[in-house]
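Listed here are the chains, written in short residue letters.
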Amino acid sequence: MAVYWCIEALPLSVTALLPIILFPFLGILPSNKVCAQYFLDTNFLFLSGLIMASAIEEWNLHRRIALKVLMLTGVQPARLILGMMVTTSFLSMWLSNTASTAMMLPIASAILKSLFGQEVHKDLSWESEEKAAAVRKNGLHAVPTEMQFIAGTEDKDCPEEAEAPMDLQANSKKEEEYRRNIWKGFLISIPYSASIGGTATLTGTAPNLILLGQLKSFFPQCDVVNFGSWFVFAFPLMLMFLLVGWLWISFLYGGITLRGWRKKKSDIRSDAENRARAMIQEEFQNLGPIKFAEQAVFILFCIFAILLFSRDPKFIPGWASLFTPGFISDAVTGVSIVTVLFFFPSQKPSLKWWFDFKAPNTETEPLLTWKKAQDTVPWNIILLLGGGFAMAKGCEESGLSAWIGGQLHPLEKVPPALAVLLITVVVAFFTEFASNTATIIIFLPVLAELAIRLRVHPLYLMIPGTVGCSYAFMLPVSTPPNSIAFASGHLLVKDMARTGLLMNVMGVLLLSLAMNTWAQTIFQLGTFPDWANIHLTNVTALPATLANDTFQTL
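An unreviewed UniProt entry lists the protein chain under the name Solute carrier family 13 member 3 isoform X3, with Delphinapterus leucas given as the organism. Its UniProt record gives the protein chain a comment under Subcellular location (unreviewed entry), which states: "Membrane". What the UniProt record of the protein chain gives under Sequence similarities (unreviewed entry) is the line "Belongs to the SLC13A/DASS transporter (TC 2.A.47) family. NADC subfamily."

Rendered as structure tokens:
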């Protein structure tokens, strides 16, 4: 399965179904135990996040938020890049990384055309096969539907392009290079910030939920990771990474220069920025006044986030303590809120209707219909998560975890802090060529056993491996957001490799800093927990013949 996930001989979701076939036939797990892994409460937490995201997209609330943030940040190139990164990362905390990128790229393209006119392509020629391969690698269409505007701007036969807002021929070569760099900086910042933003919440990206599910499989007594505790850990890390990433991208592509602060802005650039500001305001005004449905979805979204955060934040008693211990999980919270979307009216209800017996009994459209949810929720991700949980259960029941632990003796002398650094580097490199989900499914069982051998808190190694899966910045094929940005036609592989290399390095160092500072307090990483001792006892008590027989069968 690990090989199939990496080379994608079958679709990822189909590969995720293989445990249902193989485990019963090989005598590893009965089918009732395997199938149960595909519908754990973690899957329903993720499903509730996807449904909430569908409602936000249905009423264009995400676009209103994006344009409002861009209006507040200003239209200078460096500030606009910051606005793009902040907006994309915030949306990616709740929407999928791919949807956030596909929504923001047309906005970025429109702003860039207002700033500079049609971008010059003479130095950006690249093979169309390379683009197509990068997009097919992640199962995307060559030009996503939401990005057809970008494709339209690249048609050289279009008559509008004859009248560019700025005469490129009248500008110096240096000015043209500056424009190209700003264009690249805008486009490359969006997929990067989407990947960074997805790490901030448990529902932001699949690897985070796989960590939660595999923790429950390997360490059933572990209850320190939930939506609130993860947010307290990951949100500051996301902010720090966004800041240093913005500084690096702005410096590399001309948004910020050491002399730029002292240099007087030219009239040409001032006019371009005024056009960009007017374009953003026009787009925002075209949305019209905020609708009742948008307000309702926003309020439900806020309740969704607040209840998930406050259920059991660990540093104070949460509202779940009012109920029977162990009965209320994040899945219960998420599903409870998103259920309201399917019956809450999208039009403001009138009180007169209740007292007018002659009023027509017309059906009111809810905030989200089930038909819309069926069409927009990526159900394949649910199967992918289930496949990961089934693999983890199979590793535990078959004795594979015990065997892996036995092979890790040489690593017992490695200092834990160095182990965190090495793990993050290896995972970040591996995920450049394999999907994030496949990477974390492969590595988490190994990291859990390594932590037991090192006698360190399992989360001290498993969290860096999980977050490191999202730090894939160097190649177009690394993540779907990278592929979408690359498919716009304005980026070269060398642009992403040059920018992404230092992004990877900064991500590894910041993650190592987080694990050795505030994460120690949030997750009590300085101790070897009792629930890890229970797992160690169970693994030690596993009969040797069971493990041997299993591997002979395999």
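Take the confidence of the model for the protein chain next. Of all residues in the protein chain, 80% have pLDDT values of 70 or greater, and the mean over the chain is 80. At the level of individual helices and strands, the protein chain shows its lowest average pLDDT in helix 10 (residues 148–153), which scores 36, and its highest in helix 13 (residues 227–252), which scores 94. Taken as a whole, residues 542–554 scores under 50 in pLDDT and shows 13 contacts with residues more than four places along the chain or in a different chain.

In this section: the environment of Ser321. Turning to its location among the elements, Ser321 is positioned in the loop between helix 15 (292–310) and helix 16 (330–341). Classification of Ser321 by relative accessible area gives exposed; the value is 53%. When the C-alpha atoms of Ser321 and Arg311 are compared, they prove to be 8.1 Å apart, with ten residues separating the residues in sequence. One polar contact links the side chain of Ser321 to the main-chain carbonyl oxygen of Gly318, over a distance of 2.6 Å.

Here the structure, examined in full by the defined rule, presents nine salt bridges. Across the pair Glu58 and Lys372 runs a salt bridge whose closest N-O atoms are separated by 3.4 Å. Placement of Glu58 in helix 5 (residues 41–58) and of Lys372 in helix 18 (residues 370–376) is noted, with a sequence separation of 314 residues between them. We classify Lys372 as partly exposed; its relative accessible area is 31%. Note that Lys184 and Asp495 form a salt bridge whose closest N and O atoms lie 3.4 Å from each other.

Moving on: a nonpolar patch on the surface. Nonpolar side chains collect at one region of the surface, where Leu17, Ile20, Ile21, Leu22, Phe25, Leu26 and Leu383 lie side by side and expose about 590 Å² of accessible area between them. The element that contributes the greatest number of residues to the nonpolar patch is helix 3 (residues 18–25), accounting for four residues. Note that Leu26 resides in the loop between helix 3 and helix 4 (31–36). In this structure Leu26 comes out as partly exposed when scored by relative accessible area, which is 33%.

Reading the values: rules and limits
Residues numbered from 1 in each chain as written. Predicted model: local features only at pLDDT ≥ 70, side-chain atom pairs only at ≥ 80, totals over all residues. Heavy atoms only, no water. UniProt positions renumbered as here; feature names shortened; annotations may be inferred. pLDDT = per-residue confidence, 0-100. Helix = DSSP H or I, 4+ residues; strand = E, 2+ residues; numbered from the N terminus. Contact = heavy atoms within 4.5 Å. Buried < 20%, exposed > 50% of the residue type's maximum accessible area, 1.4 Å probe, protein only. Polar contact = N/O pair within 3.5 Å; in protein donor to acceptor, adjacent residues only side chain to side chain. Salt bridge = Lys/Arg side-chain N within 4 Å of Asp/Glu carboxyl O. Patch = residues over 30% accessible without salt bridge, like charges linked within 9 Å, V, L, I, M, F, W, Y side chains within 5 Å. Areas by Shrake-Rupley, 256 points an atom, 1.4 Å probe, with all protein chains shown as cover.

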